[in-house]
Amino acid sequence: VDYGQNSTIIISPNNGYEIDAILIGEDAIALVDLTEVENGFQYTIENVTENKTVQVRFKQIIYSVTTTTPSNGTVTVETEELTYGESTKVTFCPEEGFEITAITINGDAIDLSNLVKTDSGFEYEITNVMEDKNVEVSYSMIIYHITVGEIDKDENDNPKGSVTIDVADVPY
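Keep in mind it's a predicted model, so treat the numbers as computed, not measured.

S.K.: Sorry if this is basic, but what is going on with the side chain of Thr91 here?
M.R.: By the secondary structure assignment, Thr91 is in strand 10 (residues 88-94). Leaving out residues up to four positions away in the same chain, Thr91 has contacts with Thr74, Val75, Thr76, Ser120, Phe122 and Glu123.

S.K.: Just to check I follow, could you spell out the sheet that holds strand 5 (residues 40-45) for this structure?
M.R.: Strand order in the open sheet formed by three strands is 1-5-4, and the pairing between neighbours is antiparallel. Since the sheet does not close on itself, it has two edges, and those belong to strand 1 (7-11) and strand 4 (35-37), each with one partner. The mean angle between the axes of side-by-side strands here comes to 35°, regardless of whether they run parallel or antiparallel.

S.K.: What am I meant to see in the packing of aromatic side chains here?
M.R.: Aromatic rings in a pair are described by how distant their centres are and how their planes are angled relative to each other. In the structure shown here, the tally under the stated rule is zero aromatic pairs. Over the ring of Phe122 we find Lys117; its NZ or CZ atom is 4.9 Å from the centre of that ring.

S.K.: Would you mind going over the pairing of strand 8 (residues 73-77) with me for this structure?
M.R.: Looking down a regular strand, the side chains alternate between one sheet face and the other. Burial along strand 8 is one-sided: Gly73, Val75 and Val77 are buried, while Thr74 and Thr76, pointing the other way, are not. Alignment of strand 8 against strand 10, held across five bridges, turns out to be antiparallel. Bridging from a neighbouring strand, Val75 pairs with Phe92 of strand 10.

S.K.: Explanation requested: the pattern of salt bridges in the structure shown.
M.R.: A side chain with one charge may pair with a side chain of the opposite charge, provided their charged atoms come close. All chains considered together, the criterion is met by eight salt bridges. We note a salt bridge from Asp20 to Lys59, for which the minimum N-O separation is 3.8 Å. Within this pair, whereas Asp20 is found in strand 2 (residues 17-24), its partner Lys59 is found in strand 6 (residues 54-60), the two being separated by 39 residues in sequence. Here Asp20 falls in the partly exposed class, since its relative accessible area comes to 27%. With relative accessibility at 37%, the residue Lys59 sits in the partly exposed group. Among the ionic pairs, Asp152 bridges to Lys160, the shortest N-O distance being 3.3 Å.

S.K.: I keep staring at the environment of Gln5 and nothing clicks. Help me out?
M.R.: Inspection of the secondary structure assignment puts Gln5 in the segment before strand 1. Overall, Gln5 belongs to the partly exposed group, its relative accessible area being 43%. Put simply, Gln5 and Glu46 are 41 residues apart on the chain and 6.8 Å apart in space, counted from C-alpha to C-alpha. Once residues lying within four places of it in the same chain are set aside, the contact partners of Gln5 are Ile45, Glu46, Asn47 and Val48.

S.K.: Any chance you could explain the sheet that holds strand 3 (residues 27-28) here in plain terms?
M.R.: Two strands in a sheet stick together by hydrogen bonds in their backbones, pointing the same way (parallel) or opposite ways (antiparallel). Taking strand neighbours across the sheet as the criterion, the three strands line up as 3-2-6 in an open arrangement whose pairing is antiparallel. The sheet is open, and its two borders are formed by strand 3 and strand 6, each paired with just one other strand. With two bridges connecting them, strand 2 and strand 3 associate as antiparallel partners. The residue of strand 3 that forms the bridge with Ile24 is Asp27.

Rules used in this analysis
Residues numbered from 1 in each chain as written. Predicted model: local features only at pLDDT ≥ 70, side-chain atom pairs only at ≥ 80, totals over all residues. Heavy atoms only, no water. Helix = DSSP H or I, 4+ residues; strand = E, 2+ residues; numbered from the N terminus. Contact = heavy atoms within 4.5 Å. Pairing = 2+ DSSP bridges. Axes fitted to C-alpha atoms, helices over the stretch in contact; angles between N-to-C directions. Phe/Tyr/Trp six-rings, centres within 6.5 Å; stacked < 30°, edge-to-face > 60°. Lys NZ or Arg CZ within 6 Å of the ring centre and 35° of its normal. Buried < 20%, exposed > 50% of the residue type's maximum accessible area, 1.4 Å probe, protein only. Salt bridge = Lys/Arg side-chain N within 4 Å of Asp/Glu carboxyl O.

Now the structure itself:
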């Protein structure tokens, strides 16, 4: 760089990393002074009148997996904080008499056939995390159907009795 000229630097963190600190010479550069550009972040060193050393410290981005507390069951995350590319398992456990009706991750529906039945509920693995994740689950009461078969009839085609179904004692 010629004496008195400006010099522009581009800082490009790798996937899963972000800029933690920048020093130019002895001067700390505020991250808010960077301009985001297509291939990273740009900073202009103005009026260069001496040799400068640029030091950049990067840190891993920590991604969070959060859940919305559901009614009629629980949802737990094996590891709630992950770095780029890591995976975690989420366990869904409906209360007795309830079933999973929908799961979304960041608003995208999950195919329930991809759940794995375990002793503690149903498990789903979130793989290759590259952003924060929000997991939501809906549980609903299991609806059972009771069907009355054909009633025994006499020779005149009259029923020999009746069947009464009482649903008043539903515990849920």
